[in-house]
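Commentary on secondary and tertiary structure
Listed here are the chains, written in short residue letters.
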Amino acid sequence: MEGDVMDKVEATATVLDFDPISGSIPATKVEITVSCRNLLDRDTFSKSDPLLVLYTQGVETKQWREFGRTEVIDNTLNPDFVRKYILDYFFEEKQNLRFDVYDIDSKSPDLAKHPTDLDDFLGQVYCTLGEIVGSPASRLEKPLGGLPGKKCGTIILSAEELGNCRDYATMQFCANKLDKKDFFGKSDPFMVFYRSNEDGTFTICHKTEVVKNTLNPVWQPFSIPVRALCNGDYDRTIKVEVYDWDRDGSHDFIGELTTSYKELCRGQNQSSVYEVVNAKKKIKKKRYINSGTVSLLSFNVESEHTFLDYIKGGTQIHFTVAIDFTASNGNPSQSTSLHYMNPYQMNAYAMALKAVGEIIQDYDSDKMFPALGFGAKLPPDGRVSHEFPLNGNVENPYCNGMEGILEAYHQSLKTVQLYGPTNFSPVVNHVARYAAAVQDGSQYFVLLIITDGVISDMAQTKEAIVNAAKLPMSIIIVGVGQAEFDAMVELDGDDIRISSRGKLAERDIVQFVPFRDYMDRTGNHVLSMARLAKDVLAEIPDQLISSMKTRAIKPNPIPPAYSPGDQLQTNLV
């Protein structure tokens, strides 16, 4: 190989595969705006002077902690508070909130005294953050309570995702007449992109693929978050280094160029042809001009849509549960059974169902959920079914909320006979039929399968999952009990993408976890359920986005912003 030994790349880290935005990804931040209408009038000679306090609840202790308060607005029963609350939003967590409203005429600044002093307390409301963002246009209106027998008015909560430059740039480059670095054959060029930092250092942000044996490579187009390229500063220098790839990792430096995001935005023109310069060669050789050129072939920018963009645009998440009624669960009337109904605590099936369902229900406006069972003999003839409604109604398998599903589950244990085998494909295909009928982005389907054991129809289930991966749906499998769940790990395509008949799944849509890994050692079931939900639901937002992207579906336009002043005329007291 030619070239100065000093041209070797010393830092191999520059060419390792990496993800420019992985690592500690910041939480999605949402801003909550609060208004109230028709508050109680506590003052004799004027109207109330309301202040609102937000409390959040810890997962473990369940204690309410003050998060923040608004300003006091004098003399109004219809306040539009200017001060906002900025909260970290996690789809996979149940984030309980409490809003208390006070009349701050009181001499005491200590709010702890106010709830006992009914002259100061104007009402309160409980909700989850998911309930607010999952409401139409992310706007939730609820009646204030807390004062029995009194109409306390209403509270209006609006959520807005705080954007932090969600643009993605897609670009393509080619090069011409690069320096030949290999004795036998031509160079194997690739490029490494760096963004400049404020202290003058550079951070790697992208590496192209290697194009073998050419001095005139055309690299594949690539996409990169704009914030990874320039951190929001469009004039900031972007440095690009060009190397000749070597198998032993000692890649040869060909040369470098600099540009900026602003310059790249101009697209393909005369100034988008860059000279590749090797500074050391330039010093050594008087007649040195360059080590080739790099040209920008295309450049375009699109805004990356987020999960909340789709939710705010009206996408509903439909939740279906499928419960394992095979005989390996044990006789439900005996305490050793996984289906045993202890009057004092929920069994693992009920806990898994409640943990996942209580979060997802916030994103479905009608709160009606199909609940299915599989692996049981049904009355009156003992026919084995792998897709039966828990409520016994084939025409309408929907249950009203989580309580409705739990009630149907308890009732079905009294009427069906546990049997077998453990077949998943019928319930996967059941939900897939619904998902196939609605592919306009208005609905996304989540199937929760809760099972105790080894799957019997692996080939059929793999085929069903590969077909379902093209549809707007995700599958969560929770294993209960102490069985070996090795086969389930294969369905969860985190390491190896699932395939059937030589066909790979388009997306990874399955998440499997054994519930026993989440059980709290102290017996705190609330904590166990929160841990389970956090893990199994964490992938849903990205799976929804990838489904929409694959089908080029953009979020619906958000309905016109609600202006609290719109109702003032009719609500003035």
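Above this text sits the structure in question.
Below is a short write-up of the structure. (Residues numbered from 1 in each chain as written. Predicted model: local features only at pLDDT ≥ 70, side-chain atom pairs only at ≥ 80, totals over all residues. Heavy atoms only, no water.)

**As for the sheet that holds strand β6 (residues 121-128)**
What counts here: The rule for pairing is simple: two strands pair if DSSP sees at least two bridges between them. Secondary structure is summarised from DSSP: a helix means a run of H or I of at least four residues, a strand means a run of E of at least two, and numbering begins at the N terminus for each. Only the stretch in contact is used when fitting a helix axis, every axis being a line fitted to C-alpha atoms; angles between N-to-C directions are given from 0 to 180 degrees.
An order of β3-β2-β5-β6 is seen for the four strands of this open sheet, with the pairing classed as antiparallel. The sheet is open, and its two borders are formed by β3 (64-69) and β6, each paired with just one other strand. On average, adjacent strands in this sheet sit at an angle of 25° to one another, irrespective of strand direction. Bridge count for strand β5 (residues 96-103) against β6 is seven bridges, and the pairing is antiparallel. For L97, the partnering residue across the bridge sits in β6 and is C127.

**Considerations on the packing of helix α6 (residues 348-360) against helix α7 (residues 401-415)**
In plain terms, the rule: An angle counts as roughly parallel when it lies under 35 degrees, as roughly antiparallel when it exceeds 145, as roughly perpendicular when it falls between 65 and 115, and as oblique in every other case. If you view the pair so one helix is near and one far, a crossing is left-handed when the near helix is turned anticlockwise from the far one by less than a right angle, and right-handed when it is turned clockwise. The contact criterion used throughout is that any non-hydrogen atoms of two residues lie within 4.5 Å. The residue classification treats Ala, Val, Leu, Ile, Met, Phe, Trp, Tyr, Cys and Pro as nonpolar and Asp, Glu, Lys and Arg as charged. All others, Gly included, are polar.
Relative to each other, α6 and α7 sit at 160°, their axes nearing to 10 Å. Here α7 runs roughly antiparallel to α6, going by the angle between their axes. You can see that α6 and α7 cross each other, and the crossing is right-handed. Facing α6, whose interface residues are Y349, A350, L353, K354, G357 and E358, α7 presents M402, E403, I405, L406 and Y409. The class makeup of the residues in the contact of α6 with α7 is seven nonpolar, one polar and three charged.

**Details of the packing of aromatic side chains**
What counts is decided by this rule: Planes of paired rings set the category: under 30 degrees apart is stacked, over 60 is edge-to-face and the rest tilted, where pairs are Phe, Tyr or Trp rings (Trp by its six-membered ring) whose centres lie within 6.5 Å. Between buried and exposed lies partly exposed: a residue is buried under 20% and exposed over 50% of the maximum accessible area for its type, with that area taken using a 1.4 Å probe on protein chains only. Both a distance and an angle decide whether a charge sits over a ring: NZ of Lys or CZ of Arg must be within 6 Å of the ring centre and within 35 degrees of the ring normal.
For the structure shown, the criterion picks out 20 aromatic pairs. Relative to F369, the ring of F319 has its centre 5.8 Å away and its plane inclined at 70°; by these criteria the two rings are edge-to-face. In this pair, F319 sits in strand β17 (residues 316-324) while F369 sits in strand β18 (residues 368-374), placing the two residues 50 residues apart along the sequence. With respect to burial, F319 and F369 carry one shared label: buried. The ring of Y55 has R98 lying over it, and the distance from NZ or CZ to the ring centre is 4.1 Å. Here K207 stacks its cationic end above the ring of F190, 5.9 Å away from the centre of that ring.

**Some thoughts on helix α8 (residues 425-437)**
The test is simple: Expected helix span is computed as 1.5 Å times (number of residues minus one).
For α8, which comprises 13 residues, the first-to-last C-alpha distance of 18 Å matches the rise-based estimate of 18 Å (1.5 Å per residue) to within 8%. Those residues of α8 that sit buried are S425, V427, V428, H430, V431, A432 and A435.

**Considering the sheet that holds strand β13 (residues 237-244)**
As summarised here, the arrangement of the four strands in space is β11-β10-β13-β14, forming an open sheet in which the pairing is antiparallel. The two strands at the open ends of the sheet, each matched to only one other strand, are β11 (202-207) and β14 (252-260). Each strand axis lies, on average, 30° off the axis of its neighbour in the sheet, ignoring direction. Looking at chain direction, strand β10 (residues 189-196) and β13 are connected through seven bridges and run antiparallel. Paired with F193 across the strands is V240, a residue of β13.

**Side note on the packing of α6 against helix α11 (residues 525-537)**
Following both chains from N to C, one finds α6 and α11 inclined at 60°, their axes separated by 9 Å at the closest point. By the criterion of interaxial angle, the relationship of α6 to α11 is oblique. Where α6 crosses over α11, the handedness of that crossing is right-handed. The residues of α11 that touch α6, namely those facing M351, A352, K354, A355, V356, I359 and I360, are H525, M529, L532, A533, V536 and L537. Taken together, the residues of the contact of α6 with α11 break down into 11 nonpolar, one polar and one charged.

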